[in-house]
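As a plain string of letters, each chain reads:
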Amino acid sequence: MIYFDYNATAPVMREAREAWLSVTEKLGGNPSSMHQAGTRAAIVLAEAREKLAAFLGCHPLDLVWTSGATEANNTVMHHFAARLAPTERVFVSAIEHPCVDESSKFYFGKRVKTIPVTREGVVDLDWLTSELADARPGLVAVMAANNETGVLQPWREILAICQAYDIPFFTDAVQYLGKQPGKGLGDCSYVSGAAHKFGGPRGVGFLKVPHRSQLTPLLLGGKQEGGRRAGTENVPIIAAMIAALEMREKQMFRSEHLLRKVWRDNFEAQFLRALPGATILGQNQPRLWNTVSALMPEGDRKSQWVVRLDKAGFAVSTGSACTTGKEEPSHVLSAMGYKSAQAMRAVRFSAGWETYEADWEALLKAILKVHADMQHKG
Ligand code: PLP
């Protein structure tokens, strides 16, 4: 099986597995316990916090460990629901992951104002700039990179505008972290991340909150994380997450990393030449180096592609994992202005650090064979 679904979950890397095993074997204590076993676990936790803070550029105590990005993102909305005045609005981009989109609607309902995106899948900065000049929402939420298209969002520019107006800015950096350098993200008021998107274990992530600020906890019943998130910290998986991120932060500065984008771009060029009628979404925008979001030629339905490529030995996706199974067009593509029938032809190929040129070439061959089979058999 050749794996092209890293944006759903990346395989756990060796360094992360080793860190998990080592901490599990050697450090059995609860980091909140006063005895030596507890203290040793607390030290590992503090070191992990310091490393993550250094990658993001924030204070270690700004970081709260969570069970993943879904929890972190829900916590942000929960916190602002408790904090904002009943008339205050929140601005949320149209292409957020459902765990931001749905939780913002749950807590704020009609007080959510949707930030539109362009046809290329980038948040409309002109719209946002002019709206923010008039309105002062209680929160602006725009992800750093989109999970379906890989399109990078102008989070630095949005952060600067929000800072000028003193509006808290929240960015979901789940797909960005580990693929792009984390530095600078720590300047955003709130940032979320999840280990399994960059080679760490599933079920662990973090939320960065403003320094020394109170956070209205989503989970109650313990004083862990400075009272911001109750529940015993899972030290081994946190150590594994940081080991993975440490490796990714090194890998992206090695010269061979540049090739990953070249291989992806070559694939796209050949793909478009070989498949008339196919489109690559956000192709002319700055994008993550690993993602190809394609509208397959007319008449080819996306679910068939996934099943047929799976049979041929390739794991690909129809969009975000959370919408898989529902035959509904992706809200991201709808926001980009694609009609339902077009959006139903979207297939996502997301590569990783272990994907090489030969894998892209093999994928292209398989796609062409499946396309020929579909045309032949209908
Ligand atoms: N945010 C983005 C952009 C994602 O891609 C995902 C996962 O697909 C999440 C949040 C949710 O992450 P998790 O399922 O690890 O909680």
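Analysis parameters
Residues numbered from 1 in each chain as written. Predicted model: local features only at pLDDT ≥ 70, side-chain atom pairs only at ≥ 80, totals over all residues. Heavy atoms only, no water. Phe/Tyr/Trp six-rings, centres within 6.5 Å; stacked < 30°, edge-to-face > 60°. Helix = DSSP H or I, 4+ residues; strand = E, 2+ residues; numbered from the N terminus. Buried < 20%, exposed > 50% of the residue type's maximum accessible area, 1.4 Å probe, protein only. Lys NZ or Arg CZ within 6 Å of the ring centre and 35° of its normal. Expected span 1.5 Å × (residues − 1). Arc of directions from axis to C-beta. Contact = heavy atoms within 4.5 Å. Near = heavy atom within 4 Å. Polar contact = N/O pair within 3.5 Å; in protein donor to acceptor, adjacent residues only side chain to side chain. Areas by Shrake-Rupley, 256 points an atom, 1.4 Å probe, with all protein chains shown as cover. Nonpolar A, V, L, I, M, F, W, Y, C, P; charged D, E, K, R; others polar. 1 Å grid on protein atoms, 1.4 Å probe; cavity = no way out; pocket = protein on both sides within 12 Å on 5 of 7 lines; lining within 4 Å. Points joined across faces, edges and corners; volume = space filled by probe spheres on them. Pairing = 2+ DSSP bridges.

J.: Just to check I follow, could you spell out the packing of aromatic side chains for this structure?
T.: Both the distance between ring centres and the angle between the ring planes are used here to describe each pair of aromatic rings. Under the defined criterion, the tally for this structure stands at 13 aromatic pairs. Plain terms: the ring middles of phenylalanine 267 and phenylalanine 349 are 5.9 Å apart, the flat faces sit at 70 degrees to each other, and that makes the pair edge-to-face. Of this pair, phenylalanine 267 sits in helix H9 (residues 257–274) while phenylalanine 349 sits in strand S12 (residues 346–350); the two residues are 82 residues apart in sequence, bridging distant segments of the chain. The pair formed by phenylalanine 267 and phenylalanine 349 is uniform in burial state, with each residue classed as buried. Grouped by ring-pair contacts, the aromatic residues Phe4, Phe267, Phe271, Phe349 and Trp360 constitute a single cluster. When the ring centre of tryptophan 289 is taken as reference, the NZ or CZ atom of arginine 260 above it lies at 5.9 Å.

J.: Can you help me understand helix H1 (residues 14–26) in this one?
T.: Given 3.6 residues to a turn, an α-helix orients residues that are three or four positions apart in the same direction. Between its terminal C-alpha atoms H1 stretches 18 Å, which fits the 18 Å expected from 13 residues at 1.5 Å a residue. Taken as a whole, H1 has its buried residues at Ala16, Ala19 and Val23. Considered in projection along H1, the buried side chains sweep an arc of 65 degrees and stay on one side of the axis. Among the structural elements, helix H2 (36–56) and helix H8 (235–251) are those in contact with the buried residues of H1.

J.: Explain the site of the ligand to me, please; I cannot follow it from the model alone.
T.: Lining the immediate surroundings of the ligand are 13 residues, of which Thr70, Asp172, Gln175, His196 and Lys197 lie closest. Contact distances for the ligand include 2.6 Å between a nitrogen atom and a side-chain N or O atom of aspartate 172. One of the side-chain nitrogen or oxygen atoms of histidine 196 is found 2.7 Å away from an oxygen atom of the ligand. Surface burial for the ligand is 88%, taken as the share of its 400 Å² of free accessible area covered by protein chains. Of the residues forming the shell around the ligand, the biggest block, 3 residues, is contributed by helix H3 (residues 69–83). Of the residues that constitute the shell around the ligand, the class distribution is 5 nonpolar, 6 polar and 2 charged.

J.: What exactly am I supposed to notice about the environment of glycine 205 here?
T.: In this structure, glycine 205 sits in strand S8 (residues 205–208). On a C-alpha basis, the gap between glycine 205 and glutamate 71 in space is 8.5 Å, while along the polypeptide they are 134 residues apart.

J.: Hey, could you run me through empty space enclosed by the protein in this one?
T.: Taking a probe equal in size to a water molecule and rolling it over the atoms shows the remaining empty space. Enumeration over the complete set of coordinates arrives at 2 cavities of 30 Å³ or more. In this structure, the second largest cavity encloses a volume near 30 Å³. Every residue along the wall of the second largest cavity is listed here: Arg260, Trp263, Arg264, Trp289, Asn290, Ala351, Gly352, Thr355 and Trp360. Take the lining of the second largest cavity: its biggest share by element is 3 residues, from H9. Split by residue class, the lining of the second largest cavity holds 4 nonpolar, 3 polar and 2 charged.

J.: Even after reading the chapter, I still don't get the pairing of S12, so can you show me in this structure?
T.: Residues in a regular strand project their side chains so that they alternate between the two faces of the sheet. For S12, the buried fraction is high: 5 of the 5 residues fall into the buried class. The two faces of S12 match: Ala346, Arg348 and Ser350 on one face and Val347 and Phe349 on the other face are all buried.

J.: Please explain the sheet that holds strand S10 (residues 291–295) as it appears in this structure.
T.: Backbone hydrogen bonds are what pair the strands of a sheet, in a parallel or an antiparallel way. Overall, antiparallel pairing links the 3 strands, which are arranged S9-S10-S12 in an open sheet. Of all strands in the sheet, those with a lone pairing partner are strand S9 (279–280) and S12, marking the two edges. The sheet contact formed by S10 and S12 spans 5 bridges and is antiparallel. Bridge pairing in S12 places valine 292 opposite phenylalanine 349.

Note that all results are geometric; they support no functional claim without further evidence.
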